[in-house]
Amino acid sequence: GARRAMDVDYDEDEGSKPTTTRKVKGRGAEDDDRYAGKAGKFERLAHDDDEAGPARSIEGWVVVVSGVHEEAQEDDVFEAFAEFGDIKNLHLNLDRRTGFVKGYAFIEYETKSEAAKAIKGMDAQVLLDQKLTVGWAFTKPSAGARRRR
């Protein structure tokens, strides 16, 4: 008799409560319209009639610069590119092992035209004895041509 109270029988009341009306807690519990209707349909970025070309990042237009001299400072890169427009963001990645520049930088401009001017103006230019290559960091894949690895 006394031992029976300690024994927990899990399937005792299985039939008594219907399992279909389970109370759901947390995200997605209420039927809010967050995932229904217009909100759930994600538009593709920039409806530019599907031609390949630069794609806008969340904040702005990002150009990638490669061929950056390993001893370049952020200021060197900043000054070289600041003449083309207002730089919102500049990432100069360092090699953790050596502390030197990895050889590339990302520069973000507010407008597409500034970024395009920077690409035109700085591609194949020399910074600290090294020739730079400048291009769009993000491009929309062209309809047919997938980039080959």
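Above this text sits the structure in question.
Keep in mind the model is a prediction, meaning the values are calculated, not measured.

A few words now on the environment of glutamate 70. Along the chain, glutamate 70 falls in the loop between β2 (61-66) and α3 (74-82). Filtering out sequence-adjacent residues up to four positions away, glutamate 70 remains in contact with Phe100 and Val101.

Right, let's get into the environment of valine 65. The residue valine 65 is located in strand β2 in this model. The exposure class of valine 65 is buried, given its relative accessible area of 1%. Taking the C-alpha atoms as reference points, valine 65 and valine 77, twelve residues apart in sequence, are found 9.3 Å from one another. When near neighbours in sequence (up to four residues on either side) are disregarded, valine 65 contacts Phe81, Gly103, Tyr104, Ala105, Ile107, Leu132, Thr133 and Val134.

Okay, the pairing of strand β3 (residues 87-94) next. As judged from the six bridges shared by β3 and strand β4 (residues 101-109), these two strands associate in the antiparallel manner. If you follow leucine 90 over to β4, its bridge partner there is isoleucine 107. Here β3 folds back onto β4 in antiparallel fashion, the turn holding six residues, of which glycine 99 has a positive phi close to 80 degrees.

So, about α3. When α3 is considered as a whole, its buried residues turn out to be Val77, Ala80 and Phe81. Buried residues of α3, viewed axially, fall in a sector of 85 degrees; they line one side. Opposite the packed face of α3, turned more than 90 degrees from it, sit the exposed residues Asp75 and Glu79. Tucked into the core, α3 has its buried residues touching β2, β3, β4, α4 (112-122), β5 (126-127) and β7 (133-136).

Thresholds, definitions, all that
- Residues numbered from 1 in each chain as written.
- Predicted model: local features only at pLDDT ≥ 70, side-chain atom pairs only at ≥ 80, totals over all residues.
- Heavy atoms only, no water.
- Helix = DSSP H or I, 4+ residues; strand = E, 2+ residues; numbered from the N terminus.
- Contact = heavy atoms within 4.5 Å.
- Buried < 20%, exposed > 50% of the residue type's maximum accessible area, 1.4 Å probe, protein only.
- Pairing = 2+ DSSP bridges.
- Arc of directions from axis to C-beta.

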